[in-house]
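These are the residues of each chain, in order.
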Amino acid sequence: MRKRKVAGVRPADFVPPYGATDAISAPTDARAERIEVGVLIVGGGPGGLACAIRLGQLLEEHPEIAERLGDVPVAVVEKGKQPGSHLLSGAVVNPRSLRRLFGDRLRIEDIPNYGKVPGESVYMLTRGSAFRIPLPPTMRNHGNWLMSLSQLGRFLGEQAEGVGAAILPETSAEKLLVEHGRVVGIRTGDKGRGRDGQPLANFEAGSDIVAKTTVLAEGTQGHLTAAAIDHFGLHGQNPQVWALGVKEIWKVPRPLRRVVHTMGWPLRKSAKFGEFGGSFIYPMGDDHVSIGFVVGLEYRDVELSAHDLLQEFKTHPKIQRILTDSERVGWGAKTITEGGFLSLPSRFNAPGLALVGEGAGLVNVPRLKGIHYAIESGILAAEAIFRTFQPGEAPTRVGALDSYDASLRESYVWKELREVRNMRQVFDKGFFAGSALASAMIVSKGHLPPKDFATESNAAAPLLRTGRAAQYPPADGKFTFDKLSSVFASGNRTRDDQPNHLRVRTSVPRDVAEMWTWLCPAQVYEVGEDNGDGTVSVKVTPSNCVQCGAISAKGGRLTPPEGGSGPEYTLT
């Protein structure tokens, strides 16, 4: 009799208890104690700040409407120390939406940048060689600009304040407030609690912030966005999936005069491993470069680690030539929303609510672009919200924000995402089959193949072991680095005695526990004692967390920590 092969365990089978009341509730403060604002925007990234800036511009032109919105017409809640603190991306930015946002008020040259893309190349790597390949049409960056997303966030925050928006930094959005089927604001998180949740001497209770309209612009792995999609039934055709990117900033003695992307090594091409991703190396002026590695989180190998893949990648001869005599000056990690068009929400609004940016899934993976989509969606949301304040309209009307959906579906964002709607999914068939199918999609502008491909959640992939970790290079502190020194380089500000904001089961099969250990770029998880029942304990060090969100894709749940904690990115 033929022996049946037993599939590995799946992280999806070990998710922690998490209910609707963990992220959604009715207001709890007395009416007189609630903080009232006109429009509340959750998230100080490019989407949320573009929304605030466009609203501010419109209200400057119509002061009578601004007056009706109260003392604080527009407020932005940001969990980081300031806008930009938690932002990380490549970033090569298409300037189209920035030009639309600022019009003749600002030039692109006035925005913090490292110039236009001077040139570009794409390489296929093997362990010791690099083969330059023709630029895929989706990866051409002529006319795009090199920027630091954290710097762009700080700049956009200043512009938002300049048109009257109130920025509320170090404020986490813990719960979405829903009353009579309508979103009415958020509940902010408490501050000053100890490890076990007990109030400390500096304890400060959270508050209900209520608004006529709430915009969720949380970015990747948005806590309230996921809750809103569940609560209002906004799920798309496919489940959402993510990748994890780990990035370093290096001070270099020689300028890099082009944008570099690589595919292939150190990832494996066979479909059985489920490995998809690649690298980027971008110039940042004459004396800095950013280098990063991105891997899709549907991978199956217990020991795969995006952090260690980046360290291994830097041992390639071609990369060593770029980084010789250089110094690492920054590090960070973040998930990237990758489901594309088929994973978009069925609607981008609910009563009292609009979803914008990456949290809503507006990322073009083949083009490696999402920042200008976030800005465009923020602009469109602002204009739709403003229309609800016109005479004869009301933000409380059923369908008041349907014009946001309509304008988004008529925009270039929708057209471009639809053309590449299957391009991420086909690589589940392996590198070579995926490349062939992707080429057909590019040539036909998405018409071929004629069917849509399904996607499984990242946590649904059964795990396997191959001894992958044996190939990772040891940390030497000069060229390759361990996870803890990298967390230090992120400027992590989390208190050691904060309550745990990470929801994971603490008794799971060894494969799941070890997968979480290798997955996390910040060394948050550790395998503990054997429980004697086929499971092991999981130790969690939440103060290491840089809020990348990877755990939410692979069986756990990232919830908002105390406001002001997490990384303090300045160049990423």
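Just so you know, these numbers come straight off a predicted model, no measurement behind them.

Conventions used here
Residues numbered from 1 in each chain as written. Predicted model: local features only at pLDDT ≥ 70, side-chain atom pairs only at ≥ 80, totals over all residues. Heavy atoms only, no water. Helix = DSSP H or I, 4+ residues; strand = E, 2+ residues; numbered from the N terminus. Rg over C-alpha atoms; globule rule 2.2 N^0.38 Å. Buried < 20%, exposed > 50% of the residue type's maximum accessible area, 1.4 Å probe, protein only. Areas by Shrake-Rupley, 256 points an atom, 1.4 Å probe, with all protein chains shown as cover. Pairing = 2+ DSSP bridges. Salt bridge = Lys/Arg side-chain N within 4 Å of Asp/Glu carboxyl O. Phe/Tyr/Trp six-rings, centres within 6.5 Å; stacked < 30°, edge-to-face > 60°. Polar contact = N/O pair within 3.5 Å; in protein donor to acceptor, adjacent residues only side chain to side chain. Contact = heavy atoms within 4.5 Å. Axes fitted to C-alpha atoms, helices over the stretch in contact; angles between N-to-C directions.

J.: Break down the overall build of the protein for me, citing the residues and quoting the values.
T.: A count of helices and strands for the protein gives 14 helices and 25 strands. Its C-alpha atoms give the protein a radius of gyration of 23 Å, near enough to 25 Å, the size a compact globule of 572 residues would have. Seen through its C-alpha atoms, the protein measures out along the principal axes to roughly 70 × 55 × 50 Å. Classification of the 572 residues of the protein by burial places 60% in the buried group. Total accessible area on the protein is roughly 22,900 Å²; 52% of this is exposed by carbon and sulfur atoms.

J.: So, the pairing of strand S10 (residues 182–188): which residues are in play, and what are the values?
T.: Burial runs high along S10: 7 of the 7 residues are buried. Inspection of the sheet shows strand S9 (residues 173–179) paired to S10 by 6 bridges, in the antiparallel sense. Of the residues in S10, the one forming a bridge with Val178 is Val183. Hairpin geometry of S9 and S10 is characterised by an intervening segment of 2 residues between the two adjacent antiparallel strands and by a positive phi of about 55° at His180.

J.: Help me get a handle on the pattern of salt bridges, residues and values and all.
T.: Applying the stated rule across the entire model yields 26 salt bridges. A salt bridge links Glu248 to Lys314, with the shortest nitrogen-to-oxygen separation between them at 2.7 Å. Here Lys314 lies in the loop between helix H6 (306–313) and helix H7 (317–323) and Glu248 lies in strand S14 (residues 242–251), a separation of 66 residues in the sequence. For the pair Glu248 and Lys314, one class covers both residues: buried. Overlapping salt bridges bring together Glu303, Arg465, Arg510, Asp511 and Glu514 as one network.

J.: Any details on the packing of aromatic side chains? Residues and values, ideally.
T.: Summed over the entire model, instances satisfying the criterion amount to 11 aromatic pairs. Both rings, one in Phe280 and one in Tyr282, keep their centres 5.0 Å apart while their planes meet at 35°; by these two values the pair is tilted. Residue class for Phe280 comes out buried when judged on its relative accessible area of 11%. For Tyr282, a relative accessible area of 6% translates into the label buried. An aromatic cluster of at least three residues, connected via ring pairs, comprises Phe341, Phe348, Tyr404 and Trp414.

J.: Could you give an account of the side chain of Ser85, with specific residues and numbers?
T.: Examined against the element boundaries, Ser85 turns out to sit in the loop between strand S3 (74–77) and strand S4 (92–93). A polar side-chain atom of Ser85 sits 3.0 Å from a polar atom in the side chain of Glu568. Ignoring sequence-local partners within four residues, the contact set of Ser85 consists of Gly80, Pro567, Glu568 and Tyr569.

J.: I'd like a rundown of the sheet that holds strand S5 (residues 120–125), residues and numbers included.
T.: Reading across the sheet, the 7 strands line up as S6-S5-S15-S16-S17-S14-S18 and stay open at both edges, with mixed pairing between neighbours. Two strands in the sheet have a free side with no partner beyond their single neighbour: strand S6 (130–133) and strand S18 (327–337). Strand-to-strand twist in this sheet, taken as the mean axis angle between neighbours without regard to direction, amounts to 20°. One ladder, built from 4 bridges, connects S5 with S6; its direction is antiparallel. The residue of S6 that forms the bridge with Met124 is Phe131. This element, H6, spans S5, S14, strand S15 (259–264), strand S16 (277–283), strand S17 (288–296) and S18 of the sheet and lies at about 130° to S17.

J.: Describe in detail helix H13 (residues 510–519), supporting the description with residues and values.
T.: Taken together, the buried positions of H13 are Val512, Ala513, Glu514, Met515, Trp516 and Leu519. The inward-facing, buried residues of H13 contact S14, strand S22 (507–508), strand S23 (525–530), strand S24 (536–540) and helix H14 (550–553).

J.: I'd like a rundown of the sheet that holds S23, residues and numbers included.
T.: One open sheet accounts for 3 strands, arranged S22-S24-S23; its pairing is antiparallel. In this open sheet, the two edge strands, each paired with only one partner strand, are S22 and S23. Bridge analysis of S22 against S24 gives 2 bridges, and the strand direction is antiparallel. Within S24, the residue paired with Val508 across the bridge is Val536. The strands that H13 touches are S22, S23 and S24; relative to S23, the one it contacts most, it runs at about 155°.

J.: Could you give me a rundown of the pairing of strand S13 (residues 208–216), with the residues and numbers involved?
T.: Strand residues, when the strand is regular, have side chains that alternate between the two faces of the sheet. The element S13 is extensively covered by neighbouring structure, given that 8 of its 9 residues are classed as buried. As paired strands, strand S2 (residues 35–42) and S13 are joined by 7 bridges and run parallel to one another. Across the sheet, residue Ile35 finds its bridge partner in S13, namely Ile209. Examined bridge by bridge, S10 and S13 share 3 bridges and lie antiparallel to one another. Residue pairing for S13: Gly185 is matched across the bridge by Val210. In this sheet, strand S20 (residues 353–355) lies alongside S13 in parallel orientation, the contact comprising 3 bridges.

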